[in-house]
Amino acid sequence: MATCYLGLGSNVGNKKKNILLAVKYLQKSKGIKVEKVSRLYESSPCGCPAGSPDFLNGAAKIRTSLAPLALLKELKNIERCLGRKKAKRFFPRPIDIDILFYANKKVNLPNLKIPHPRLKMRDFVLTPLKEISPGIIKKIASEVKTIKDIPSMRAFLAHARKNMSIGFVPTMGYLHDGHISLIRQAKKENDVCVVSVFVNPLQFGPKEDFKKYPRDLERDSIKAQSAGCDVIFVPEERQMYPDSYCTYVNVDKLTGTLCGASRPGHFKGVATVVCKLFNIIQPDVAYFGQKDYQQALVIKAMAKDLNMPLKISIMPTVREADGLAMSSRNSYLNLSERAEAAVLYQSLQQARKNIFSGEKSSKAIIGDIRKAILKKKSAKIDYIAVADADTLESRDSVHGKALIALAAWFGKTRLIDNILL
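If you're wondering where the values come from, they're calculated on a predicted model, not measured in any experiment.

Enquirer: Can you walk me through the overall build of the chain in this structure?
Expert: When helices and strands are tallied, the chain shows 15 helices and 16 strands. For 421 residues, the compact-globule formula gives about 22 Å, and the C-alpha radius of gyration of the chain, at 24 Å, lands near that figure. Out of the 421 residues in the chain, the part that is buried amounts to 51%. Residue pairs at least 24 apart in sequence account for 72% of intrachain contacts in the chain once pairs closer than 6 positions are excluded. Accessible surface, the chain as shown: approximately 20700 Å² in total, 52% of it carbon and sulfur. In the chain, 69 positive and 39 negative side-chain charges are present, and the distance between their average locations comes to 7 Å.

Enquirer: What's the story with the sheet that holds strand β15 (residues 402-410) in this structure? I'm lost.
Expert: Across a sheet, strands are paired by hydrogen bonds formed along the backbone, either parallel or antiparallel in direction. Across the sheet, which stays open at both edges, the three strands sit in the order β14-β15-β16 with antiparallel pairing between neighbours. Here the strands that pair on one side only, and so sit at the sheet edges, are β14 (379-388) and β16 (413-420). Neighbour-to-neighbour, the strand axes of this sheet turn through a mean angle of 15 degrees, independent of strand direction. Bridge count between β15 and β16: eight bridges; the pairing is antiparallel. The residue of β16 that forms the bridge with A405 is N418.

Enquirer: Please explain the nonpolar core as it appears in this structure.
Expert: Counting residues in hydrophobic clusters, the biggest one holds 50 residues, and the most contacted among them are M153, V194, F278, I281 and M302. Counting residues per element, this core draws most heavily on helix α11 (residues 266-281), which supplies ten residues. Apart from residues no more than four positions distant in its own chain, F278 is found in contact with F168, P283, A286, F288, I299, M302, M308, L310 and I312. Core analysis: the next-biggest nonpolar cluster, separate from the first, contains 26 residues, L56, I95, Y102 and L112 among them.

Enquirer: I keep staring at the side chain of N57 and nothing clicks. Help me out?
Expert: Along the chain, N57 turns up in strand β4 (residues 55-64). When its relative accessible area of 5% is taken as the criterion, N57 is described as buried. A distance of 2.6 Å separates the side chain of N57 from the side chain of S43, its partner in a polar contact. Sequence-distant contacts of N57, that is, excluding residues within four places in its chain, are made with L8, G9, I19, R39, L40, Y41, S43 and F124.

Enquirer: Sorry, what's going on with the side chain of D216 here?
Expert: Mapped onto the secondary structure, D216 falls in the loop between β10 (192-197) and α8 (217-226). One polar contact links D216 to K130, side chain to side chain, over a distance of 2.9 Å. Residues in contact with D216, not counting those within four places in the same chain, are K130 and Y174.

Enquirer: Please clarify how the packing of helix α5 (residues 150-158) against α11 should be interpreted in this entry.
Expert: A pair of packed helices is captured by two measures, namely the crossing angle of their axes and the spacing between those axes. Relative orientation of the contacting elements α5 and α11 amounts to 45 degrees, with a least axis distance of 9 Å. On the basis of the axis angle, α5 is oblique to α11. Each of I150, M153, R154 and L157 in α5 lies in contact with α11, whose residues at this interface are N279, I280 and I281. Looking at the contact of α5 with α11 residue by residue, the class counts come to five nonpolar, one polar and one charged.

Enquirer: Explanation requested: helix α4 (residues 134-142) in the structure shown.
Expert: Since the α-helix advances by 3.6 residues per turn, residues separated by three or four positions end up pointing in the same direction. What α4 keeps buried is the set I136, I137, I140 and A141. An end-on view of α4 places all buried positions within 130 degrees of arc, on one side of the element. The exposed set on the far side of α4, more than 90 degrees from its buried face, consists of K138, K139 and S142.

Enquirer: Explain the sheet that holds strand β11 (residues 231-233) here, please?
Expert: Sheet architecture is open: six strands sit in the order β8-β11-β10-β9-β12-β13, paired in parallel fashion. The open sheet terminates on both sides in strands that have one partner only, identified here as β8 (146-147) and β13 (311-315). Note that strand β9 (residues 166-171) and strand β12 (residues 285-289) share two bridges and pair parallel. Within β12, the residue paired with F168 across the bridge is A286. Seen against the sheet, helix α12 (residues 293-305) touches β12 and β13 and runs at an angle of roughly 170 degrees to β13.

Enquirer: Would you take a moment to explain the pattern of salt bridges for this structure?
Expert: Opposite charge on two side chains permits them to pair, given that their charged atoms come into close proximity. Evaluation of the coordinates by the stated rule reveals 23 salt bridges. Of the charged contacts in the structure, one is a salt bridge between K187 and D230, with a shortest N-O distance of 2.9 Å. With K187 in helix α7 (residues 177-189) and D230 in the loop between α8 and β11, this residue pair connects regions lying 43 residues apart in the sequence. Owing to a relative accessible area of 28%, K187 belongs among the partly exposed residues under this scheme. Looking at D230, the relative accessible area reads 31%, which means it is partly exposed. A salt bridge links R414 to D382; the nearest nitrogen and oxygen atoms lie 3.0 Å apart. Of this pair, R414 sits in strand β16 while D382 sits in strand β14, and the two are 32 residues apart along the sequence. With relative accessibility at 14%, the residue R414 sits in the buried group. Classification of D382 by relative accessible area gives partly exposed; the value is 26%. Shared partners join several salt bridges into a network, and the residues in it are K76, E79, R84, R93 and D96.

Enquirer: For this particular structure, what's the right way to read the pairing of β16?
Expert: Each regular strand shows side chains that alternate between the opposite faces of the sheet. Burial within β16 is extensive, with seven of its eight residues counted as buried. With antiparallel pairing between neighbouring strands as the criterion, β15 and β16 make up a hairpin whose turn holds two residues, including G411 at a positive phi of roughly 65 degrees.

Enquirer: What's the story with the packing of aromatic side chains in this structure? I'm lost.
Expert: What characterises a pair of aromatic rings is the spacing of the ring centres plus the angle enclosed by the ring planes. Per the counting criterion, the structure on display carries six aromatic pairs. Look at F198 and Y241: their rings are 6.2 Å apart centre to centre, the planes differ by 45 degrees, and that puts the pair in the tilted class. Of this pair, F198 sits in the loop between β10 and α8 while Y241 sits in the loop between α9 (237-240) and α10 (259-262); the two residues are 43 residues apart in sequence, bridging distant segments of the chain. For the pair shown, F198 and Y241 are each scored as buried. Put simply, the rings of F198, Y241, Y245 and Y248 pair up and form one aromatic cluster. Across from the ring centre of F210, 5.1 Å away, lies the NZ or CZ of R215, which sits over that ring. The ring of W409 carries K380 above its face, with NZ or CZ at 5.9 Å from the centroid.

The rules behind the values
- Residues numbered from 1 in each chain as written.
- Predicted model: local features only at pLDDT ≥ 70, side-chain atom pairs only at ≥ 80, totals over all residues.
- Heavy atoms only, no water.
- Helix = DSSP H or I, 4+ residues; strand = E, 2+ residues; numbered from the N terminus.
- Rg over C-alpha atoms; globule rule 2.2 N^0.38 Å.
- Buried < 20%, exposed > 50% of the residue type's maximum accessible area, 1.4 Å probe, protein only.
- Contact = heavy atoms within 4.5 Å.
- Areas by Shrake-Rupley, 256 points an atom, 1.4 Å probe, with all protein chains shown as cover.
- Lys, Arg positive; Asp, Glu negative; His and termini not counted.
- Charge placed at Lys NZ, Arg CZ, Asp CG, Glu CD.
- Pairing = 2+ DSSP bridges.
- Axes fitted to C-alpha atoms, helices over the stretch in contact; angles between N-to-C directions.
- Core = buried A, V, L, I, M, F, W, Y, C linked by side-chain atoms within 4.5 Å.
- Polar contact = N/O pair within 3.5 Å; in protein donor to acceptor, adjacent residues only side chain to side chain.
- Parallel < 35°, antiparallel > 145°, perpendicular 65-115°, else oblique.
- Nonpolar A, V, L, I, M, F, W, Y, C, P; charged D, E, K, R; others polar.
- Arc of directions from axis to C-beta.
- Salt bridge = Lys/Arg side-chain N within 4 Å of Asp/Glu carboxyl O.
- Phe/Tyr/Trp six-rings, centres within 6.5 Å; stacked < 30°, edge-to-face > 60°.
- Lys NZ or Arg CZ within 6 Å of the ring centre and 35° of its normal.

Below, the structure written as structure tokens:
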């Protein structure tokens, strides 16, 4: 009997019932013994057409006497019994059962590849799999090149600096598809891609979420490697900030408005840690997302003013299917807050339409956005601003290159978003 792991998913009809029925069919199948089933997790549709419903996903550990192809055939029979018809790839379906692992076998056939080729990229697989078999996730993560001290990181990159380009993506971990897009771009444009994972205490205020900020290094390592990362740098806090530490980086002008006004000291912490990381990694290009537009401008100014020999690349915001900007803090939202948070991008998009229809008054634009957000029960506005996209100075009207930026709370979760015009 071989130990196997299956991925289970549904986004049509009664999703929970579909998955539970699939497990029952597995239990009744000859040559299959179900040993463990994970809880069910909701996830956004991956690769499906726009407007597709969310999925419920889980994982199952089974023991089977069936060979891989025979097991695949049995799983396809179960899918048909539960109403799945042959359809285009990634289209909505009542049930999806994938073989993730089959013992230690590797299979590379046109209709079956084991281990599943996309499992490392997908939270909706990694999360339930970690629940029922943390050892498998630990094993996969251990295969990723990870460095935890500064001298070893410098030594690793010493050779690369001589004749290869280095792309760098600094993160605080709990990677989502926004981070993944940056990593892919860094690898596409450079010979070596470095990703740092460090939850920086300096950029959190005394009443902010430093202690509860989501952390999962194993998951991050797997996802980063699947996107093209060559090495992950995970410095320890005592190395970055020893007891004797007394040096900080301040960037004036750009940090007194927007998020800087409501989070005093935040950008001092950001600039300090990124400056240190740039000195350690010495990249040719560093990648940031537009969602954190003010942060990217601050880093860009710091690199220019301190004559750092690197390029700062700001990449487009990656969004969920309903437009919500991807953020590690989205994981804090409950279901109703998550649904309401979609209003941020919706209101920005409506503002864009109004502007191109002739509305130029910042006061009117901000008023319309405010009205839309405050219709949501859990929402509380931090700020809404129309600003110059280069200086972040407030504007009375929209002209030239402009930024509309906002921050709002949904329950206890603060989210930010913006659009450039």
